[in-house]
Amino acid sequence: MGKDVGEELQDQGFRRDRLKGSFIEPSYAGTLSFFRRKYSRDLTGVDLAVTGIPLDLTVSNRPGTRFGPEGIRKASAQHAWGPIWPWRFDPFDTLACVDYGDCHFDWGTPMEIPDAITAHIAEILEKGAATLTLGGDHFITYPILRAYAAKYGPLAIVQFDAHRDVEEGAPGRLDHGAMFTYAVNEGLVDPTRSVQVGIRTCFNGEKSHGMTILYADDVHRMSAEDVAGIIREKVGQGPAYLTFDIDCLDPSTAPGTGTPVPGGLTSHQALSILRAMKGMDFKGMDVVEVSPAYDHAEMTTNAAAIIAVELLCLKAYARGAKPTAIPI
Ligand SMILES: [Mn+2]
């Protein structure tokens, strides 16, 4: 558990004076930054910036994901107290991390939004920090990948999702069901090294541009270690990006999303797979499609906050974080 450093560090969202470590602050009070990180645009010494992209203009069904970043930040407060179970370390002891705030764009000029997102992520990458992005609908991953591919070349994507998001569409359309077709066609994604996990829709035949598809039924029959083993083998050693659409989880676990599909993963399944992937180091990550208006009892924002911090545990582990000997 993090140390209670007293009143002087409450409202850590703007008062904390160090980039690392976790300190106790009431979960119901204070500035609701992501896991009580400092809100800052200063990336000096920062390993990873968390940023929100409050977009819901590209959805095919229910909107509301513009409230996703706010919801995930609020839910994260109750978990921001130190070592994460069962990793037994605090990822923020290893990763210098800030909450970079949100990407801003004009909702009245939607066709300009993709470039605004790419520029927002590129300005973070240029300063040497990685990103964990809170969506926003899933379209945001495409302009994010543009920024990442400009720096690293084509990336493998590991996509947790109910949908494959590979519909055909005229380039330039804003569509959260087609953007991985655009990303593959533009050479941002290496499909032969990419894996889609938890899929349970297939409108576009069986094609996923050569990506490996692990349907939800397969995942339910497999162990977490076997799923992680396939991901690890396919991705290999090249640069990789992880995108987690919260609708990969079953609606009984995560109802607060725009296009829910029954038959998905439990939180335990998803977290077990992520934990079995330890050792993999993703260049960037996102958690998308959280739509708080359809949530109940904050169960979806809560799941998203934990998935987000476990993604940071993956990154911290790859950077040498070690489990504490102290029981937690
Ligand atoms: Mn989806």
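For the structure itself, consult the block above.
Treat the numbers as computed from the prediction; the structure is a model and nothing was measured.

Next up on the list: unusual backbone geometry. Between Trp85 and the following residue, Pro86, the backbone shows a cis peptide bond with an omega angle of 0°. Checked against the element boundaries, Pro86 lands in the loop between helix 2 (68–76) and helix 3 (91–94). Each neighbour pair has its own omega, and for Gly135 with Gly136 the value is 10°, a cis peptide bond. Note that Gly136 resides in the loop between strand 3 (130–135) and helix 5 (141–152). In this structure, Glu289 takes a positive phi of about 70° despite not being glycine. Take Glu289: it is sitting in the loop between strand 8 (284–288) and helix 10 (299–318). The buried category is assigned to Glu289, whose relative accessible area is 1%.

For the α-helix, the turn length of 3.6 residues means that residues three or four positions removed from each other point alike. The end-to-end C-alpha distance of helix 10, which contains 20 residues, comes to 29 Å, matching closely the 28 Å that a straight helix rising 1.5 Å per residue would cover. The element helix 10 is extensively covered by neighbouring structure, given that 16 of its 20 residues are classed as buried. Looking at the residues trailing helix 10, positive phi occurs at Gly320, about 100°.

Our next topic: the packing of aromatic side chains. If you walk through the whole model with that rule in mind, you get nine aromatic pairs. When the ring of Phe34 is compared with that of Phe35, the centres are 4.8 Å apart and the planes differ by 55°; the resulting orientation is tilted. Each of the two residues, Phe34 as well as Phe35, counts as buried. Consider the rings of Tyr148 and Tyr152, whose centres lie 6.1 Å apart with planes at 20°: the pair is stacked. Residue Tyr148 and its partner Tyr152 are located together in helix 5, separated by four residues, close to a single helical turn. Since its relative accessible area comes to 0%, Tyr148 is described here as buried. Accessibility expressed as a relative area gives 30% for Tyr152, which makes it partly exposed.

So, on to the coordination of the manganese ion. Coordination of the manganese ion by the protein involves Asp161 (OD), His163 (ND1), Asp245 (OD), Asp247 (OD) and Asp247 (OD), with metal-donor separations of 2.1 to 2.6 Å. Counting the intervening residues between successive donors of the manganese ion yields the motif D-x1-H-x81-D-x1-D.

Residue position: Thr181 is located in helix 6 (residues 179–185). Engagement of the side chain of Thr181 in a polar contact is seen with the backbone oxygen of Val166, the distance being 2.8 Å.

For Thr131, the position within the fold is in strand 3. The class for Thr131 is buried, based on a relative accessible area of 0%. Those residues in contact with Thr131 that sit more than four places away from it in its chain are Leu48, Ala49, Ile121, Ile124, Tyr148, Gly284 and Met285.

What counts, and at which threshold
- Residues numbered from 1 in each chain as written.
- Predicted model: local features only at pLDDT ≥ 70, side-chain atom pairs only at ≥ 80, totals over all residues.
- Heavy atoms only, no water.
- Helix = DSSP H or I, 4+ residues; strand = E, 2+ residues; numbered from the N terminus.
- Buried < 20%, exposed > 50% of the residue type's maximum accessible area, 1.4 Å probe, protein only.
- Expected span 1.5 Å × (residues − 1).
- Phe/Tyr/Trp six-rings, centres within 6.5 Å; stacked < 30°, edge-to-face > 60°.
- Donors = N, O, S within 2.8 Å, 3.2 Å for Na, K, Ca; no water.
- Polar contact = N/O pair within 3.5 Å; in protein donor to acceptor, adjacent residues only side chain to side chain.
- Contact = heavy atoms within 4.5 Å.

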